[in-house]
Amino acid sequence: METEPVVTPAQTDPSHDTAWETALAQLDEVAELMGLAPGVHAILRSPKRSLSVSVPFRMDDGSTRVYQGYRVHHNVTRGPAKGGIRYHPEVGLDEVKALAMWMTWKCAIAGIPFGGAKGGVAVDPKELTRSELERMTRRYASEILPFIGPEKDIPAPDMNTNEEIMSWIMDTYSMNSGFSVPGVVTGKPVSIGGSKGRAGATSRGVMYMIFSTLKALGVGIDEVSVAIQGYGKVGGYAAQLLHDAGCRVVAVSDAEGGLYRDRGLDPEAINRHSREAGTVAGYGGAEPITNADLLEIDCDVLVPAAIEGVVTVKNADKVKARVVCEAANGPITFEGDKILHDRGVFVVPDILANSGGVTVSYFEWVQDIQAYFWDEEEVNDRLRLIMERAFDEVYDLAMAKGLSMRQAAHWIGVGRVAEAHLTRGLFP
Ligand code: NAD
């Protein structure tokens, strides 16, 4: 399986700022550290297949709109491809490729038998009515239909997608099959085969990873202050869980702006405000701050839970938190990460920190296939076991080899996928 040595972005361009550049630079770095076979390295650098589709659909006024959509399978050597679908105006093929690659490592680190995928449509869903969103989703699902299926590729929610959108995809796939296929997507409502505990699983996993970190650092849960960027499905519920567990949540934000209160915010009051106003911004009981301020706020734990590339060479030296737990995918650029590491900031990498979502998605798929459903306590207990074990494996390797948590996580994830490749051999 040997090929020519890979020319890495690290050799050609020192500023890895896009998600794809970051993902490649992380892979290249760990490939060198672990002495990865060049042939396997070359295979893992390029996604297995990338689908680009146009998504035409009818607007309520009868006019036609066309958006660009994508679905990428980075790797399926360990099992069916798994990954969310994102609706965001800036979605592009390179971003989806990066997110799919991170899914591959994430599934391998959690030890679940999936490969990595991701999808997206370059759309601002806020500009569409509900019926337009449904027609757009059903058309996108139809365009990627040959790619997806319970044994092939199982989509899930991501930014700006939710349970309802998963229902429409499940229904579109099922109508084309002539029977119900619940296992084609995860993150569905419980009424059509969703798993109890899935909606809060990513946030719950983030909480478990913060607890594991604090334990490793010898710090009490009720001693820490937390700042959370992104008050969506992941960040919003993480704020509630961490507050309920005794942490002081001092800052939160969404795309419209942020809030700060040194004595701690009350997530329930913020939820009430945000349900009415559509944003956390404007909540009266706290000081307004910007998203840039939030990243640099004086706190113990920073949880970026929104978009990629928010901590870069430009602001990494201003981050005051002692721990950064990456609930979002790719919130720290490759070079930004080096600065945090050199400054002794403990970073729990995305491919470990936010793996609670895909782990309970795996439980959902297992329950759908077996048509046998678990109670929420069982889901949460199994999630905790898997995530704490993954944390310990990454932490022990990082300590043993003097690696960052990110390098150690990649080492384990890439190593497991590489092992599967080498065991199966190169076709033909
Ligand atoms: P979401 O759409 O529910 O919420 C996103 C939040 O980020 C919103 O509050 C939005 O206002 C905010 N936001 C958007 N742009 C922003 C900006 N420029 N600055 C600050 N805030 C901004 O999405 P989500 O499902 O909570 O996903 C958030 C992140 O977590 C993404 O990176 C996603 O890939 C990752 N993630 C999600 C899951 C999941 O199960 N949903 C699993 C793993 C990882």
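(A) Highlighting the overall build of the chain. Secondary structure assignment for the chain yields 15 helices and twelve strands. Taken over the C-alpha trace, the chain has a radius of gyration of 21 Å; the compact-globule value for 428 residues is 22 Å, and the two agree within 12%. Its C-alpha atoms put the chain at 55 × 55 × 45 Å along the principal axes. Looking at the chain as a whole, 60% of its 428 residues are labelled buried. Considering only residue pairs separated by 6 or more positions, the chain has 68% of its internal contacts joining residues 24 or more positions apart. Element-wise, carbon and sulfur atoms account for 50% of the exposed surface of the chain, whose accessible area totals about 17,300 Å².

(B) Structural context of the site of the ligand. Taken together, 21 residues lie near the ligand, and Asp158, Asn160, Thr202, Lys233 and Asn329 sit nearest. Between the ligand and Asn160 there is a distance of 2.8 Å, counted from an oxygen atom to a backbone nitrogen or oxygen. For the ligand, an oxygen atom lies 2.8 Å from a polar atom in the side chain of Asn329. Expressed as a share of its isolated accessible area of 840 Å², the protein-covered part of the ligand is 85%. Residue composition of the shell around the ligand, by class: nine nonpolar, seven polar and five charged.

(C) Looking closely at a positive patch on the surface. Taken together, the side chains of Lys48, Arg49, Lys152 and Arg424 make up a positively charged region of the molecular surface. For Lys48, the location among the structural elements is in the loop between helix H3 (38–45) and strand S1 (49–58). Look at Lys48 and you get partly exposed, because its relative accessible area is 49%.

(D) How the structure looks around the side chain of Asp337. You can see Asp337 is positioned in helix H11 (residues 334–342). Among the polar contacts listed, one links the side chain of Asp337 to the side chain of Arg406, at a separation of 2.8 Å.

(E) Expanded view of the domain arrangement of the chain. According to the domain assignment, the chain consists of domain 1 (48–192) and domain 2 (201–353). Computed from C-alpha atoms alone, the centre-to-centre distance between domain 1 and domain 2 is 27 Å. Facing 13 residues of domain 1, the contacting portion of domain 2 comprises nine residues. Of the roughly 900 Å² buried between domain 1 and domain 2, counting both surfaces, carbon and sulfur atoms make up 58%. For the pair domain 1 and domain 2, the interface holds one salt bridge. Glu308 is the partner of Arg86 in a salt bridge, and the nearest nitrogen-oxygen pair spans 2.6 Å. Put simply, domain 1 and domain 2 have four residue pairs in polar contact (both at pLDDT 80 or more) between them. Top element by residues in the side of domain 1 that touches domain 2 is helix H4 (residues 93–110). It accounts for six residues. Of the residues contributing to the side of domain 1 that touches domain 2, the split by class is six nonpolar, two polar and five charged.

(F) Representation of the packing of helix H7 (residues 201–217) against helix H14 (residues 376–401) in the model. Between H7 and H14, the least distance of the axes is 10 Å, while the angle of their chain directions is 45°. Our classification of the angle between H7 and H14 gives oblique. Remark: the crossing between H7 and H14 carries right-handed chirality. Between H7 and H14, the residues in contact are Ala201, Arg204, Gly205, Tyr208, Met209, Phe211, Ser212, Thr213 and Ala216 and Asn380, Leu383, Arg384, Met387, Glu388, Phe391 and Tyr395, respectively. Looking at the contact of H7 with H14 residue by residue, the classes come out as nine nonpolar, four polar and three charged.

(G) Up close: the confidence of the model for the chain. Mean pLDDT for the chain: 96, with 96% of residues reaching 70 or above. With pLDDT under 50 throughout, residues 1–14 is counted as low confidence; its partners more than four residues away or in other chains account for 30 contacts.

(H) Quick peek at H11. The complete set of buried residues in H11 reads Phe334, Gly336, Asp337 and Leu340. Angularly, the buried residues of H11 cover 155° about the axis, an arc narrow enough to put them on a single face. For H11, the elements touching its buried residues are helix H2 (19–34), strand S11 (323–325), strand S12 (346–348) and helix H15 (405–424).

(I) Structural context of the sheet that holds strand S3 (residues 81–87). Spatially, S1-S2-S4-S3-S5 is the arrangement adopted by the five strands of the open sheet, whose pairing is mixed. With partners counted over all chains shown, the strands left at the sheet margins are S1 and strand S5 (153–157), one partner each. Here the strands of the sheet are splayed against their neighbours by 20° on average, with no regard to which way each runs. Here five bridges tie S3 to strand S4 (residues 115–121), and the two strands are oriented parallel to one another. Its bridge partner being in S4, Lys82 is matched across the sheet by Gly116. Strand contacts of H4: S1, strand S2 (64–75), S3 and S4, with the helix running at about 150° to S4, the strand carrying the most contacts.

(J) Just the environment of Asp350, in detail. Relative to the helices and strands, Asp350 resides in helix H12 (residues 350–353). C-alpha separation for the pair Asp350 and Trp105, spaced 245 residues apart in sequence, amounts to 10 Å. Only 2.7 Å separates the side chain of Asp350 from the backbone nitrogen of Gly330, close enough to count as a polar contact.

Here is what the cut-offs are and how they apply
Residues numbered from 1 in each chain as written. Predicted model: local features only at pLDDT ≥ 70, side-chain atom pairs only at ≥ 80, totals over all residues. Heavy atoms only, no water. Helix = DSSP H or I, 4+ residues; strand = E, 2+ residues; numbered from the N terminus. Rg over C-alpha atoms; globule rule 2.2 N^0.38 Å. Buried < 20%, exposed > 50% of the residue type's maximum accessible area, 1.4 Å probe, protein only. Contact = heavy atoms within 4.5 Å. Areas by Shrake-Rupley, 256 points an atom, 1.4 Å probe, with all protein chains shown as cover. Near = heavy atom within 4 Å. Polar contact = N/O pair within 3.5 Å; in protein donor to acceptor, adjacent residues only side chain to side chain. Nonpolar A, V, L, I, M, F, W, Y, C, P; charged D, E, K, R; others polar. Patch = residues over 30% accessible without salt bridge, like charges linked within 9 Å, V, L, I, M, F, W, Y side chains within 5 Å. Salt bridge = Lys/Arg side-chain N within 4 Å of Asp/Glu carboxyl O. Lys, Arg positive; Asp, Glu negative; His and termini not counted. Charge placed at Lys NZ, Arg CZ, Asp CG, Glu CD. Domains from an automatic or database assignment. Buried area = accessible area lost by both parts, 1.4 Å probe. Axes fitted to C-alpha atoms, helices over the stretch in contact; angles between N-to-C directions. Parallel < 35°, antiparallel > 145°, perpendicular 65-115°, else oblique. Left-handed = near helix turned anticlockwise from the far one by under 90°. pLDDT = per-residue confidence, 0-100. Arc of directions from axis to C-beta. Pairing = 2+ DSSP bridges.

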